[in-house]
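Understanding the architecture of this molecule
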Amino acid sequence: MNGTPKRRFESTRKRVEEGAVYLLESEDEWLGSFTLTTYPVFNQDMVSYFTKLNNPMYLGRTIVNPRLSNMEKCFVTMQCFRKSFKLARGFKSETVRTETRAVNRNFTEIMLEVGFRKIYSSEIDKKMVYLERRIIDERMMT
């Protein structure tokens, strides 16, 4: 398993129609995208493992243009996270929750660097890692 999840066209269309898909672009190309929803975009049973906070937002489908260099990919990933935190604050959220596959170690490390903390690692659920980042201070990551 390479860590790349299967995409469902209907789920993607639904999130685009909801306005939950955000793009990062330069003047001439797509750099990355992510979804930010008010409902879990992963296994609903996992929600019970998260901290009980108001108005959680769920970050998913963070994708970076594969043509970028490794350094650029890291930068764009960080920008996706920063933008998701800013949007979550706008929704009066106290936390951003997400998941990633355990095999995506570099991605998980970046998430930990920007303040996410591991909530749960599941051997049963395709070796997924569930993470959460509290939105506490307006000045953080803006």
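Look above for the structure.
Attention here is on the structure that accompanies the text. (Residues numbered from 1 in each chain as written. Predicted model: local features only at pLDDT ≥ 70, side-chain atom pairs only at ≥ 80, totals over all residues. Heavy atoms only, no water.)

**Notes on the overall build of the chain**
Broken down by element type, the chain carries 3 helices and 6 strands. Along the chain, from the amino end to the carboxyl end, the secondary structure elements read α-β-β-β-α-β-α-β-β. Excluding contacts between residues fewer than 6 apart, the proportion of contacts in the chain whose partners are at least 24 apart in sequence is 64%. Element-wise, carbon and sulfur atoms account for 51% of the exposed surface of the chain, whose accessible area totals about 8900 Å². (Helix = DSSP H or I, 4+ residues; strand = E, 2+ residues; numbered from the N terminus. Contact = heavy atoms within 4.5 Å. Areas by Shrake-Rupley, 256 points an atom, 1.4 Å probe, with all protein chains shown as cover.)

**Focus on the pairing of strand β2 (residues 30-37)**
Of all 8 residues in β2, 7 are buried, a share of seventy percent or more. With 5 bridges connecting them, strand β1 (residues 21-25) and β2 associate as antiparallel partners. In the sheet register, Leu 23 faces β2, and the bridge partner there is Ser 33. Adjacent in sequence and paired antiparallel, β1 and β2 are bridged by 4 residues. (Buried < 20%, exposed > 50% of the residue type's maximum accessible area, 1.4 Å probe, protein only. Pairing = 2+ DSSP bridges.)

**Considering the environment of Tyr 120**
If you trace the backbone, Tyr 120 turns up in strand β5 (residues 117-122). Look at Tyr 120 and you get partly exposed, because its relative accessible area is 25%. Measuring from C-alpha to C-alpha, the distance between Tyr 120 and Leu 131 comes to 7.1 Å, with 11 residues separating the pair along the chain.

**Looking at helix α3 (residues 105-113)**
Along α3, the residues classified as buried are Thr 108, Ile 110 and Met 111. On an axial view of α3, the arc spanned by its buried residues comes to 160°, and they lie on one face. Along α3, the residues that are exposed and aim more than 90 degrees away from the buried face are Arg 105, Asn 106 and Glu 113. In the segment just after α3, Gly 115 is the residue with positive phi, at about 105°. (Arc of directions from axis to C-beta.)

**So, the environment of Gly 19**
Structurally, the position occupied by Gly 19 is in the loop between α1 (9-18) and β1. On the accessibility criterion, Gly 19 (41% relative accessible area) is partly exposed. Each C-alpha atom, one on Gly 19 and one on Thr 37, is 9.0 Å from the other, the two residues being 18 residues apart in sequence.

**Focus: the environment of Met 78**
Here Met 78 lies in helix α2 (residues 70-90). Here Met 78 falls in the partly exposed class, since its relative accessible area comes to 26%. On a C-alpha basis, the gap between Met 78 and Val 114 in space is 7.7 Å, while along the polypeptide they are 36 residues apart. For Met 78, the contacting residues outside a window of four places in its chain are Ile 110 and Val 114.

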